[in-house]
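Single-letter residue listing:
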Amino acid sequence: MTYVVTDNCIACKYTDCVEVCPVDCFYEGENALVIHPDECIDCGVCEPECPADAIRPDTEPDMDEWVEFNRKYAEIWPNIVTRKDPLPEAAERDGEAGKRDKYFSEAPGEGG
Ligand code: SF4
Ligand code: F3S
């Protein structure tokens, strides 16, 4: 199994998650992070760190699409291990439905 980043990360990107990952398997896009499913060791420590409750185990229903989403972008975005400020609109957009369709950017983040 793996943990994956899901919809509510998009347009928030709090980045609290990256500091606790023992294998540094988070990757940064312009307005979201993803986890590399083949690098995640399923420890679960990142899940409670996310203020947006965006990190889920792939054992929950309907996660296949998110596993493929995480894998796709983890292979093209830069690694991120250092926490940074959330996006300016994070508080406003936290909890909105359908953020992937409304806001998602395929552009890479800066990493770091
Ligand atoms: Fe990293 Fe553990 Fe979270 Fe996987 S579950 S992304 S290994 S902190
Ligand atoms: Fe995203 Fe939550 Fe990490 S909002 S950047 S998964 S702390």
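Since the model is a prediction, treat every value here as computed from it, not as a measurement.

Chemist: Before we move on, can you summarise the nonpolar core with the specific residues and values?
Modeler: If you look at the biggest cluster of nonpolar residues, it comprises 34 residues, and the most contacted ones within it are Cys17, Phe26, Leu33, Val34, Ile35 and Ile55. Secondary-structure elements contributing two or more residues to this core are β1 (3–5), β2 (26–28), β3 (33–35) and α1 (64–74). Ranked by residue count, the leading element in this core is α1, at 5 residues.

Chemist: Help me get a handle on the site of ligand 2, residues and values and all.
Modeler: The local shell around ligand 2 consists of Cys9, Lys13, Tyr14, Thr15, Asp16, Cys17, Leu33, Cys50, Pro51, Ala52 and Ile55. Across the shell around ligand 2, the residue classes tally to 8 nonpolar, 1 polar and 2 charged.

Chemist: Quick one: what's the story with the packing of aromatic side chains, residue by residue and with numbers?
Modeler: Inspection of the entire model under this criterion finds 6 aromatic pairs. Between the aromatic rings of Trp77 and Phe104, the centroid separation amounts to 6.0 Å while the plane-to-plane angle is 40°, which identifies the pairing as tilted. Highlighted residues: Trp77 in the loop between α1 and α2 (90–93) and Phe104 in the segment after α3 (99–103), separated in sequence by 27 residues. Phe104 carries the same exposure label as Trp77, and that label is buried. Put simply, the rings of Trp66, Phe69, Tyr73, Trp77 and Phe104 touch in pairs and so form one group of aromatic residues. Over the face of the ring belonging to Tyr103 we find Arg93, whose NZ or CZ atom lies 4.0 Å from the ring centre. In this arrangement the basic side chain of Arg100 is found over the ring face of Trp66, its NZ or CZ atom lying 5.3 Å from the centre.

About the cut-offs
Residues numbered from 1 in each chain as written. Chains lettered and ligands numbered in written order. Predicted model: local features only at pLDDT ≥ 70, side-chain atom pairs only at ≥ 80, totals over all residues. Heavy atoms only, no water. Core = buried A, V, L, I, M, F, W, Y, C linked by side-chain atoms within 4.5 Å. Buried < 20%, exposed > 50% of the residue type's maximum accessible area, 1.4 Å probe, protein only. Helix = DSSP H or I, 4+ residues; strand = E, 2+ residues; numbered from the N terminus. Near = heavy atom within 4 Å. Nonpolar A, V, L, I, M, F, W, Y, C, P; charged D, E, K, R; others polar. Phe/Tyr/Trp six-rings, centres within 6.5 Å; stacked < 30°, edge-to-face > 60°. Lys NZ or Arg CZ within 6 Å of the ring centre and 35° of its normal.

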